[in-house]
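Each chain is listed here by its residues.
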Amino acid sequence: MSSLPYCVVGAGPAGLAVARWLKALDLPFEGFERNPGVGGIWNIAFPESPMYESAHFISSRTLSGFRDFPMPDSYPDYPSHRQILQYIESYADKFDLRPHFKFTTPIEHAEPMTDGTWTVRFKDGSTRSYAGLIAASGCEWRPNLPTLAGTFDGEIIHSSAYKHPRQFEGRRVLVVGAGNSGCDIACDASRSATKALISLRRGYHFVPKHIFGQPADVFGDSGPHLPYVIERPLFQGLLRLLNGNTARLGLPKPDHSILESHPVMNTQILHALAHGDIETRADVKELRGGEVAFVDGRSDPVDLIVLATGYVRGVPFVSPEIVGDDDVSALFLNVFHRTSPNLFVIGNFTTDAGAYPLVDRQGEMVARVLDARRGGRSLSHFEAVLNGKSPDLGGGIRYQSVRRMSNYVKSRPYRRYLDALLSSLRTD
């Protein structure tokens with residue numbers, strides 16, 4: 001076991017969570033953050049943060065906090081990005097984590113050495129050696145920019161460059177992509193733009209943020225936990241009852257069953273579509289100067305295109321040959337590298353519920369493994385599952401074979417699996 005410290009990259013929620021557990025178990029580490037403070041994507045002032053003024057959490061305050069640090073009761077059901085930043089900062093202060101990070105210190109590259117240690121190169125050209133690398137740099141920093149055929153006379157931006165509805169005033173706006181951010185931004189455009197359009201490649205399921213007066217995730221968590229073959233038709237029937245047939249609003253029929261893809265937690269867009277404040281369009285075919293042509297033969301004059309097309313994930317400062325370029329699903333539990341035992345990835349996943357309770361468990365699990373190694377304790381059970389067949393993290397659901405779902409886990413079975421592993425690690 002090396003006497004060197006571990007390198008933690010990122011001071012967002014994931015980096016802070018693992019730092020908290022490393023500190024609790026008195027494991028040596030040094031943290032690095034390229035921005036001037038904690039908070040990660042939730043600090044709208046940070047360069048390249050994808051936050052926009054109307055952004056709110058899409059999971060509820062009730063079920064989204066770290067395990068022993070709940071969000072304040074004074075928060076609304078769905079906190080704003082500013083409240084989430086305050087919460088993250090409070091978490092860092094409660095566990096006195098800021099002194100363990102060096103801010104405004106970008107990392108350019110990290111690579112493993114033959115002795116199992118890692119060499120980290122910083123932007124200033126300096127290098128340092130570490131016992132291992134814990135990558136917690138997030139997965140929403142590098143925009144995924146599709147290539148659109150043709151030429152465009154207007155402006156094209158990625159959704160990460162959108163901050164305020166004032167950007168839409170007096171303009172004809174097309175939002176490409178109908179994920180959660182795309183729908184939020186399209187709703188902002190519906191209130192500020194001269195004309196607002198949203199282009200969808202496929203159909204989606206739209207889940208209200210409240211069901212029978214409760215946050216949707218609280219409603220789902222409080223009910224009976226049914227097998228997927230029963231849960232799916234019941235949930236789809238409930239959505240049909242609440243939303244009606246969304247095809248009447250010009251939305252394409254989903255090509256997948258509910259829960260087989262990350263749902264859109266936004267029904268404001270249904271309201272805007274029903275009032276004619278947004279119009280749907282098919283997938284983009286090509287750009288024609290001041291117009292955009294769609295695959296169904298329609299075309300519209302457009303001044304601004306917003307590409308709500310997601311992000312390139314992975315670990316950008318580690319060679320793609322080690323961790324893939326846009327996917328960490330090959331890692332055990334999206335965390336543990338199978339052949340590089342001193343490489344760990346925290347928080348690089350999406351889920352159907354609050355991520356922070358899962359990130360918290362990931363951080364503790366990494367720290368428990370490192371603590372056991374340091375003490376020479378047996379990790380036989382953990383090593384057996386690490387080298388065995390990957391567990392089903394979808395709860396029996398076969399997710400869509402699309403890029404956005406490659407790192408997806410269903411919260412309930414993932415949480416149960418992590419808890420079982422943590423229980424074995426605590427008693428080893």
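Throughout what follows, the structure given in this document is the object of discussion. (Residues numbered from 1 in each chain as written. Predicted model: local features only at pLDDT ≥ 70, side-chain atom pairs only at ≥ 80, totals over all residues. Heavy atoms only, no water.)

As a further point, take the nonpolar core. Counting residues in hydrophobic clusters, the biggest one holds 93 residues, and the most contacted among them are Ile134, Ile269 and Phe336. By residue number, the principal contributor to this core is helix H9 (residues 356–375), which donates 9 residues. Counting residues in each nonpolar core, the second largest holds 19 residues, with Val9, Phe122, Val315 and Val328 among its members. (Core = buried A, V, L, I, M, F, W, Y, C linked by side-chain atoms within 4.5 Å. Buried < 20%, exposed > 50% of the residue type's maximum accessible area, 1.4 Å probe, protein only. Helix = DSSP H or I, 4+ residues; strand = E, 2+ residues; numbered from the N terminus.)

Let us look at the pattern of salt bridges. Summed over the entire model, instances satisfying the criterion amount to 24 salt bridges. Glu48 is paired through a salt bridge with Arg34; the nearest N and O atoms lie 3.1 Å apart. Placement of Glu48 in the loop between strand E2 (29–32) and helix H2 (61–64) and of Arg34 in the loop between E2 and H2 is noted, with a sequence separation of 14 residues between them. A salt bridge links Glu155 to Arg171; the nearest nitrogen and oxygen atoms lie 2.7 Å apart. Separated by 16 residues along the polypeptide, Glu155 in strand E10 (residues 155–158) and Arg171 in the loop between E10 and strand E11 (172–176) bring together distant segments of the chain. (Salt bridge = Lys/Arg side-chain N within 4 Å of Asp/Glu carboxyl O.)

Let us now look at unusual backbone geometry. Positive phi, normally seen in glycine, also occurs at Asp26, with a value near 55°. With respect to the helices, strands and loops of the structure, Asp26 is situated in the loop between helix H1 (13–24) and E2. Overall, Asp26 belongs to the exposed group, its relative accessible area being 62%. Although it is not a glycine, Phe212 sits at a positive phi angle of roughly 55°. With respect to the helices and strands, the residue Phe212 is situated in the loop between strand E13 (210–211) and strand E14 (214–215). Looking at Phe212, the relative accessible area reads 58%, which means it is exposed.

Next up on the list: the sheet that holds strand E17 (residues 291–294). Taken together, 4 strands build an open sheet; the order of strands is E9-E16-E17-E18 and the sheet is mixed. Since the sheet does not close on itself, it has two edges, and those belong to strand E9 (150–152) and strand E18 (299–301), each with one partner. Strand-to-strand twist of the sheet, defined as the mean angle between neighbouring strand axes without regard to direction, takes the value 35°. Here 3 bridges tie E17 to E18, and the two strands are oriented antiparallel to one another. (Pairing = 2+ DSSP bridges. Axes fitted to C-alpha atoms, helices over the stretch in contact; angles between N-to-C directions.)

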